[in-house]
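Breakdown of the fold
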Amino acid sequence: MTLKKIEDRPTPRCVYNVRLYLIASVASIAAVMIGYDSAFIGGTLALGSFKKEFDFGSMTKSETDLISANIVSCYQAGCFFGALLGYVVGQQLGRKWGLLASSMLFTVGAGMMLGANGDRGLGLIYGGRVIAGLAIGAASNLTPILISEISPPAIRGQLVGLYELGWQFGGLVGFWINYGVNTTMEPSHRQWLIPFAVQLIPGGMLAAGSFYIKESPRWLLSKGRREEALSNLCWIRKLQPTDQYMIEEIAMIDAQIAHEQAHGTGFWVPFKLVFGTKRILKRVLLGGSMFLFQNGTGINAINYYSPRVFQSMGITGTNVGLLSTGIFGVIKTVMAFVWLGWMIDNLGRRMILMIGAAGGAVAIFYVGGYIAIANPQPSADADITPGGISAMCFFYIWTVFYAATWNGTPWVIGAEIFPQNVRTLTQALMAANNWFWNFLIARFTPHMFTDMGYGVYIFFGCMMIIAVVFVFFFLPETKGIPMEEMDRLFDGGLKPWKAHGIVWPEIQRERAAMHHNFDLGSKGASSDKLDVEQNEKVSV
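We now turn to the structure provided with this report. (Residues numbered from 1 in each chain as written. Predicted model: local features only at pLDDT ≥ 70, side-chain atom pairs only at ≥ 80, totals over all residues. Heavy atoms only, no water.)

Bringing the packing of aromatic side chains into the picture now. Here the structure, examined in full by the defined rule, presents 39 aromatic pairs. Pairing F80 with F436 gives two aromatic rings, centres 6.3 Å apart and planes at 55 degrees, and the pair type is tilted. With F80 in helix α4 (residues 61-92) and F436 in helix α21 (residues 420-452), the pair connects residues that are 356 residues apart, well separated along the chain. When the centroid spacing of 5.1 Å and the interplanar angle of 45 degrees are considered together, the rings of W268 and F271 count as tilted. (Phe/Tyr/Trp six-rings, centres within 6.5 Å; stacked < 30°, edge-to-face > 60°. Helix = DSSP H or I, 4+ residues; strand = E, 2+ residues; numbered from the N terminus.)

See below:
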């Protein structure tokens, strides 16, 4: 199959260049940090060496559930407030320096965790995870904004999707590192400390890579730093400022910023626009709902407590549970490549979300049904019944549906549907929304598994069915639509399932006319210049 880029206007090939992908890849190291944490923490808490160091054996089941939930969820609490802090950082410092500050703060938090031991208790882990969470929350705000603002419309989903790919890569490492230390090292303080220490690697990489990143030209133009903005945009596009594509892009950004700044400028203006303008507030609720349904699939319950999930299917033994978790991570990463390389900018956002939720619901209902009927009990020999094998197969089928659809798409939507003058604030609200639902899942999942049993899977399946209906009736397709034209998609009174089919042809016709007029103007200018030169020769 040949994949054709869906362009809003003729685009020089050099616009799709290595620099663009490198900036997006470096910024997406922030997602590696997020993905690693979501994956390693559950497995590390399940290690016998960690439990022994902090005397879990002397506690009741409810006490260990509470401590595990607190360790995991204090990070999400930090992320929630960090996402809101990201608005201040992104608005005042910009995207580039905001990411550098986030990486440095994350490194401080990750370093604090390494000081914990049985004598000192868990305080340094709690404190370090809160600080690391603040940094990650800010980075989860700034990274999608930066990438979306430098991306040509035809590959915006793909480039923002690198953020999701980084998340999955970090998760893959996090899942397998626990399996590695469990199979190659004797239980010890070092065994559980190594997974915590690995967090420092992506933190340092982002700090170093931030110096390569170019500041967003759109942000610079909104701050009146025009010369720097034009220099950055020319470097990113590999074009001269006199190129037709550059002139058109700068003109569109200027027009959008001028329109938005007519409402005023300043730190509090975006708040007034977001919460005082019904059309923007509706988009905030729409984007936030995407993260509600993303977490409603059950993904973070599985990410953070994967050994507990596999135990509910009758899989026991630390090695077997961690191996099953590692396979889960591999499938997510492979499907992230499929989503990034083919689905997001070709099938679009609406279609893949509905397919993913419908297929995932069927698979997760099967898993819940098996547990309800078979009531599998963990056994010492770690054998698994044929029914348990079928449940695992459907669990991995659920993983395929989820990872190829819902894993990254809400981040793409949240980064692209808002105007420039409120985008830093709305992305902060999108990220905070994600971390809020993430916190609830992380905080209450251990108790849900204890109290609800198979009902947990039925609950997540029902959420996915509701998501299908919600997406169909409320979310318009956004693929290929320039960010400067999103208002037409949402504010034209169009039905969400029809909006793209109406707006997209209009944009193509308008851009073709603009291109044609520019060509005529260029030819006219060249003709006038030639006449002047000929007249000068005659005069001489």
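Take unusual backbone geometry next. A negative phi angle characterises most non-glycine residues, just as the trans form characterises most peptide bonds. Even without being glycine, D55 reaches a positive phi, approximately 60 degrees. Among the structural elements, D55 can be located in the loop between α3 (48-53) and α4. Given the relative accessible area of 44%, D55 is considered partly exposed. For N375, which is not a glycine, the phi torsion comes out positive at approximately 45 degrees. Tracing the sequence through the fold places N375 in the loop between α18 (349-374) and α19 (386-403). A relative accessible area of 48% places N375 in the partly exposed class. (Buried < 20%, exposed > 50% of the residue type's maximum accessible area, 1.4 Å probe, protein only.)

Turning our eyes to something else, we now look at a nonpolar patch on the surface. Taken together, the side chains of V330, V334, V338, W342, L347, M351 and I355 define a hydrophobic patch exposed on the protein surface, amounting to about 530 Å² of accessible area. For the nonpolar patch, the secondary-structure elements that each account for two or more residues are α17 (318-343) and α18. Considering every element that reaches the nonpolar patch, the biggest residue donor is α17, with 4 residues. Within the fold, I355 resides in helix α18. Exposure remark for I355: the relative accessible area of 43% places this residue in the partly exposed category. (Patch = residues over 30% accessible without salt bridge, like charges linked within 9 Å, V, L, I, M, F, W, Y side chains within 5 Å. Areas by Shrake-Rupley, 256 points an atom, 1.4 Å probe, with all protein chains shown as cover. Salt bridge = Lys/Arg side-chain N within 4 Å of Asp/Glu carboxyl O.)

Along its 18 residues, helix α12 (residues 244-261) runs 26 Å from first to last C-alpha, staying within 8% of the 26 Å computed at 1.5 Å per residue. Within the span of α12, buried status applies to Q244, Y245, M246, E248, E249, I250, M252, I253, Q256, I257 and E260. Of the residues flanking the start of α12, the one acting as N-cap is D243, its side-chain oxygen 2.9 Å from the backbone nitrogen of Y245. (Expected span 1.5 Å × (residues − 1). Polar contact = N/O pair within 3.5 Å; in protein donor to acceptor, adjacent residues only side chain to side chain.)

Another aspect to go through is the nonpolar core. By size, the foremost hydrophobic cluster in this structure holds 142 residues, and its most contacted members are F50, F395, W398 and W435. A per-element tally of this core places α21 first, with 12 residues. In this view, W435 contacts I34, Y75, Q76, C79, F80, A83, I136, G137, S140, W167 and Y304; residues no more than four positions away in its chain are not counted. Counting 7 residues, the second largest nonpolar core, distinct from the first, contains V15, L233, C234 and L239. (Core = buried A, V, L, I, M, F, W, Y, C linked by side-chain atoms within 4.5 Å. Contact = heavy atoms within 4.5 Å.)

As a further point, take the packing of α4 against α21. In the contact formed by α4 and α21, the axes pass within 8 Å of each other and the chain directions differ by 180 degrees. Classified by the angle their axes make, α4 and α21 are roughly antiparallel. When the residues that make up the contact of α4 with α21 are grouped by side-chain class, the tally is 20 nonpolar, 10 polar and 3 charged. (Axes fitted to C-alpha atoms, helices over the stretch in contact; angles between N-to-C directions. Parallel < 35°, antiparallel > 145°, perpendicular 65-115°, else oblique. Nonpolar A, V, L, I, M, F, W, Y, C, P; charged D, E, K, R; others polar.)

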